[in-house]
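Here's the letter readout for the chains.
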Amino acid sequence: MLVSGTGSILQALIDACADPGFGARIVAVGADRDGTGGVARAEAAGIPTFVQRLGDAPDRFMWDRKLTVDCHMFEPDLIVAAGFLKLVGAAFLGRFGGRMINTHPALLPAFPGLHSVRDALAYGVKVTGCSVILVDAGVDSGPILAQAAVPVLDGDDEATLHERIKVAERELVVDTVGRMVRYGWSVQGRRVRIGASG
Ligand code: GRF
């Protein structure tokens with residue numbers, strides 16, 4: 001699992017994994033910066049952690065390779081990015097492409113990028129939400145695994161809307177990861193099916 005922030009989605013997954021029937025185990029949590037709430041939550045749960053800071057690598061290419069090696073050491077079946085604020089590169093996708101997912105706080109393909117909640121609010125949409133996608137080389141452009149809709153309320157600011165989205169996002173990520181690990185998934189073009197009946 002890769003995080004950059006407070007790690008509330010990570011916490012939801014840690015809690016879900018406590019049930020053996022969920023079918024997943026978090027083998028490690030990595031961050032791209034020091035002092036994240038996500039790494040603190042992992043440590044509290046006894047999960048191995050690592051930090052790979054871009055500033056410690058000579059360039060982005062080497063950072064990507066170092067991150068790939070860190071993750072590879074734990075032999076994950078699935079990489080889950082939740083609030084991880086860096087784009088991974090060719091080395092990482094060469095190793096984990098097709099089995100790395102990301103969660104995004106908007107209904108893609110609307111509002112990709114780092115300011116999706118602000119952008120949705122500024123645009124004036126009445127419904128937004130969250131998307132869990134397979135990561136490809138683009139920005140929030142991979143095939144969509146699951147989405148949930150969330151209403152935008154008249155009095156919302158970025159913080160209240162993001163918090164409402166994150167409530168839905170935690171549930172969506174837990175549900176999606178659980179179904180992926182229990183039933184598998186297949187990809188045809190942009191269309192992803194989880195389990196035999198999709
Ligand atoms: C989520 O909304 C995620 O989509 C976004 O950052 C938030 C992460 O929240 N990119 P948390 O760190 O899991 O609390």
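Residues numbered from 1 in each chain as written. Predicted model: local features only at pLDDT ≥ 70, side-chain atom pairs only at ≥ 80, totals over all residues. Heavy atoms only, no water.

1. Some points on unusual backbone geometry
- Residue Leu-108 is joined to Pro-109 through a cis peptide bond whose omega torsion reads 10 degrees.
- For Glu-75, which is not glycine, the phi torsion reads 45 degrees and is therefore positive.
- In this structure Glu-75 comes out as exposed when scored by relative accessible area, which is 64%.
- One non-glycine residue, Phe-111, lies in the positive phi region at around 55 degrees. (Buried < 20%, exposed > 50% of the residue type's maximum accessible area, 1.4 Å probe, protein only.)

2. So, the domain arrangement of the protein
- The domains assigned to the protein are domain 1 (1-96) and domain 2 (103-198).
- Look at where the C-alpha atoms of domain 1 and domain 2 centre, and you get two points 19 Å apart.
- Taken together, the 18 residues of domain 1 in the interface contact 18 residues of domain 2.
- Together domain 1 and domain 2 conceal approximately 1,400 Å² of surface at their shared face, both sides included; 78% is due to carbon and sulfur atoms.
- Of all residues in domain 1, Ile-9, Phe-22 and Leu-78 bury the most surface against domain 2, accounting for 36% of the area lost on that side.
- Where domain 1 touches domain 2, the interface holds zero salt bridges. (Domains from an automatic or database assignment. Contact = heavy atoms within 4.5 Å. Buried area = accessible area lost by both parts, 1.4 Å probe. Salt bridge = Lys/Arg side-chain N within 4 Å of Asp/Glu carboxyl O.)

3. Some thoughts on the nonpolar core
- Among the nonpolar cores identified, the biggest contains 40 residues, and Met-1, Leu-13, Ile-26 and Ile-101 are the most heavily contacted of them.
- Counting residues per element, this core draws most heavily on helix α6 (residues 158-183), at eight residues.
- Setting aside anything within four residues of it in sequence, one finds Leu-13 in contact with Met-1, Phe-22, Ile-26, Val-80, Val-173, Val-174 and Val-177.
- By size, the runner-up hydrophobic cluster in this structure holds 16 residues, among which are Trp-63, Val-88, Phe-92 and Leu-93. (Core = buried A, V, L, I, M, F, W, Y, C linked by side-chain atoms within 4.5 Å. Helix = DSSP H or I, 4+ residues; strand = E, 2+ residues; numbered from the N terminus.)

4. Concerning the packing of helix α1 (residues 8-17) against α6
- Taken N-terminus to C-terminus, the directions of α1 and α6 make an angle of 45 degrees; their axes are 9 Å apart at the nearest point. Looking at the two axes, α1 sits oblique to α6. For the pair α1 and α6, the crossing hand works out as right-handed. Contact with α1, carried on its side by Ser-8, Ile-9, Ala-12, Leu-13 and Ala-16, involves Lys-166, Glu-169, Arg-170, Val-173, Val-174 and Val-177 of α6 and no other residues of that element. (Axes fitted to C-alpha atoms, helices over the stretch in contact; angles between N-to-C directions. Parallel < 35°, antiparallel > 145°, perpendicular 65-115°, else oblique. Left-handed = near helix turned anticlockwise from the far one by under 90°.)

5. As for helix α5 (residues 116-123)
- Buried residues of α5: Ser-116, Val-117 and Ala-120, and no others. Seen along its axis, α5 keeps its buried residues to an arc of 100 degrees; they face one direction.
- On its buried face, α5 sits against β5 (100-104), β6 (127-134) and α6.
- Trailing α5 by a residue or two, Gly-124 shows a phi angle of about 90 degrees, which is positive. (Arc of directions from axis to C-beta.)

6. Section: the site of the ligand
- Close to the ligand lie Gly-5, Thr-6, Gly-7, Ser-8, Ile-9, Gly-83, Thr-103, His-104, Pro-105, His-162, Lys-166 and Glu-169.
- In isolation the ligand exposes 370 Å². Once the protein is present, 88% of that is buried.
- Its atoms largely coinciding with the cavity grid, the ligand occupies the largest pocket.
- Looking at the shell around the ligand, the elements that each hand over two or more residues are α1, β5 and α6.
- Of the residues forming the shell around the ligand, the biggest block, three residues, is contributed by α6.
- Per-class residue counts for the shell around the ligand are two nonpolar, eight polar and two charged.
- For the shell around the ligand, the two domains that each supply at least three residues are domain 1 (1-96) and domain 2 (103-198). (Near = heavy atom within 4 Å. Areas by Shrake-Rupley, 256 points an atom, 1.4 Å probe, with all protein chains shown as cover. 1 Å grid on protein atoms, 1.4 Å probe; cavity = no way out; pocket = protein on both sides within 12 Å on 5 of 7 lines; lining within 4 Å. Sits in = over half its atoms within 2 Å of the grid points. Nonpolar A, V, L, I, M, F, W, Y, C, P; charged D, E, K, R; others polar.)

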